[in-house]
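Single-letter residue listing:
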Amino acid sequence: MATSRGFDRVVNFSDAVVAIAITILVLPLVDEASSIGHGDVNHFLAGIGAQVYVFVLSFAVIAYYWFLHHTFFEQLQQVDRRIMLLNTLWLFGIVFIPFPTALIVDSNGPAGWATTIYMGTMLFLAIIQLAMKVYIQKHKDLLTPGTSYIRGYIGSQIIVVLLVIAIVIATVFPNIGLWALMLLWTTPVFVKPVKKLQRSAKDVHTHLFRTDKISKLSS
């Protein structure tokens, strides 16, 4: 049974896991720094440019997904077993991110399967977040009073599509690699057109339903 106590435990646990995952990202840089000894700092910093780039990117990715997670759970007053299960899968994706991050660093830059695994993890997280929103759309009793719709629902759909496209681009053009993720910046551009398209499709469906109902009554 859904309870507010269970809701608080899920949120607190999720925040703790995210905090640990985002902290782990910096450990490889700390290890690199500890081995500098009496070496030249400027030369050292120039040599770990790729590692710093991937660290900043991964930090931003986890922070971004946590922000979406936080925004989503702010709209809920309770959780049930299905949301708990989906949230656990989402946390699995979060704690997995340091692994492809390490792969990219060890390969001296984003390339090959390291990039695919990294972006695939992002896609996994996006799909899980979308699945939670789809579920809540059908179980609005879990929403806080006065909340009639899920913020970012359409944006989540667009992000999933853009990530699929980004993975295809990165696979076909390996030199582009993680730069394909820049496609995500275009998400706001598609929100209004998609919202308008979905509204039109809903209106058409409603009209056809009413027409069919009237036809049956008249016959």
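The rules we used
Within each chain, residue numbers correspond to sequence positions counted from 1 in written order. Local features in this predicted model are restricted to residues whose pLDDT is 70 or higher, and side-chain atom pairs enter the listing and the counts only when it is 80 or higher, whereas totals over whole chains, interfaces and linings include all residues. The side-chain numbers reported here are obtained from all heavy atoms of the structure, hydrogens and water having been left aside. By definition, any uninterrupted DSSP run of H or I lasting at least four residues is a helix, any uninterrupted run of E lasting at least two residues is a strand, and each is numbered from the N terminus. Remark: exposure states derive from per-residue accessible area (1.4 Å probe, protein chains only) relative to the maximum for the residue type, with buried under 20%, exposed over 50%, and partly exposed in between. Contact definition: two residues touch when any of their heavy atoms are within 4.5 Å. Computed by Shrake-Rupley with a 1.4 Å probe, the accessible areas treat only the displayed protein chains as cover when residues are assessed. Like-charged residues within 9 Å of one another, or nonpolar side chains (Val, Leu, Ile, Met, Phe, Trp, Tyr) within 5 Å, are grouped into patches, provided each residue has over 30% relative accessible area and no salt bridge. Any Lys or Arg side-chain nitrogen located within 4 Å of an Asp or Glu carboxyl oxygen qualifies as a salt bridge. Geometry of aromatic contacts follows a simple scheme: Phe, Tyr and Trp rings, the Trp one being its six-membered ring, pair when their centres are within 6.5 Å, and the pair is stacked under 30 degrees between planes, edge-to-face over 60, tilted otherwise. Expected helix span is computed as 1.5 Å times (number of residues minus one). The directions considered for the arc run from the helix axis to the C-beta atoms. Residue types Ala, Val, Leu, Ile, Met, Phe, Trp, Tyr and Cys, when buried and joined through side-chain atoms within 4.5 Å, form a set referred to as a nonpolar core. A pocket, in this scheme, is an open set of points on a 1 Å grid over the protein atoms alone with protein on both sides within 12 Å along at least 5 of 7 lines, while a cavity is a set where a 1.4 Å probe fits but cannot get out; residues line either one if an atom lies within 4 Å of a point. Grid points are joined across faces, edges and corners, and a volume is the space filled by probe spheres set on the points. Put simply, Ala, Val, Leu, Ile, Met, Phe, Trp, Tyr, Cys and Pro go in the nonpolar bin, Asp, Glu, Lys and Arg in the charged bin, and everything else, Gly too, in the polar bin. The score called pLDDT rates the predictor's confidence residue by residue, from a low of 0 to a high of 100. Here, axes are lines fitted to C-alpha atoms. For helices the fit covers the stretch in contact, and angles between N-to-C directions go from 0 to 180 degrees. Each angle is binned into one of four classes, with values under 35 degrees roughly parallel, values over 145 roughly antiparallel, values of 65 to 115 roughly perpendicular, and all other values oblique. Take the far helix as the reference: if the near one is turned anticlockwise from it by less than a right angle, the crossing is left-handed, and if turned clockwise, right-handed.

### Things to note about the overall build of the chain
Scanning the chain from terminus to terminus reveals 9 helices and 0 strands. Residues counted as buried form 36% of the 219 residues belonging to the chain. Relative to all contacts within the chain whose residues are 6 or more apart in sequence, the contacts with residues 24 or more apart total 77%. Accessible area for the chain stands at about 13,400 Å²; split by element, carbon and sulfur atoms hold 68% of it.

### Focus on a nonpolar patch on the surface
A cluster of nonpolar side chains, namely Val-164, Val-168, Val-172, Phe-173, Ile-176, Trp-179, Met-182 and Trp-185, defines an oily patch on the protein surface of about 880 Å² accessible area. Position of Val-164 among the secondary structure elements: in helix α8 (residues 153-172). Note on Val-164: relative accessible area 39%, which makes it partly exposed.

### Some thoughts on the packing of aromatic side chains
Here the structure, examined in full by the defined rule, presents 8 aromatic pairs. Aromatic pair Phe-92 and Phe-124: ring centres 6.2 Å apart, planes at 80°, arrangement edge-to-face. With Phe-92 in helix α5 (residues 81-96) and Phe-124 in helix α7 (residues 112-138), the pair connects residues that are 32 residues apart, well separated along the chain. Among the aromatic residues, those joined into a ring-pair cluster are Phe-92, Phe-96, Phe-99 and Phe-124.

### Observations concerning α5
For α5, built from 16 residues, the straight-helix expectation of 22 Å at 1.5 Å per residue is met to within 8% by its first-to-last C-alpha distance of 23 Å. Among the residues of α5, Ile-83, Leu-86, Asn-87, Trp-90, Leu-91, Gly-93 and Ile-94 are the ones counted as buried. In a view along the axis of α5, the buried residues occupy a sector of 155°, so they form one face of it. Exposed residues on α5 whose side chains face more than 90 degrees from its buried face are Arg-81 and Phe-92.

### Topic: the nonpolar core
Of all hydrophobic cores here, the largest spans 52 residues; its most connected members are Tyr-65, Phe-73 and Ile-136. Contributing elements (two or more residues each) for this core: α1 (4-24), α4 (49-73), α5, α6 (98-106), α7 and α8. Per-element tally for this core: the top contributor is α7, with 12 residues.

### A closer look at empty space enclosed by the protein
All chains considered together, the criterion is met by 1 cavity of 30 Å³ or more. A volume near 30 Å³ is recorded for the largest cavity. The wall of the largest cavity is formed by Leu-68, His-69, Phe-72, Gln-129, Met-132 and Lys-133. Of all the elements in the fold, those that place two or more residues in the lining of the largest cavity are α4 and α7. Counted by class, the lining of the largest cavity contains 3 nonpolar, 2 polar and 1 charged residues.

### Here we look at the confidence of the model for the chain
Overall, the prediction assigns the chain a mean pLDDT of 82, with 80% of residues at 70 or greater. When mean pLDDT is compared element by element in the chain, α5 scores highest at 95, while helix α9 (residues 187-218) scores lowest at 65.

### A look at the packing of α7 against α8
α8 packs onto α7 with a crossing angle of 160° between their chain directions and a minimal axis gap of 9 Å. Taken together, the axis directions place α7 and α8 in an arrangement best described as roughly antiparallel. Crossing handedness for the pair α7 and α8: left-handed. From α7, Thr-115, Thr-116, Met-119, Gly-120, Met-122, Leu-123, Ala-126, Ile-127, Leu-130, Lys-133, Val-134 and Gln-137 reach across to α8, where they touch Tyr-153, Ser-156, Gln-157, Ile-159, Val-160, Leu-163, Val-164, Ala-166, Ile-167, Ala-170 and Thr-171.

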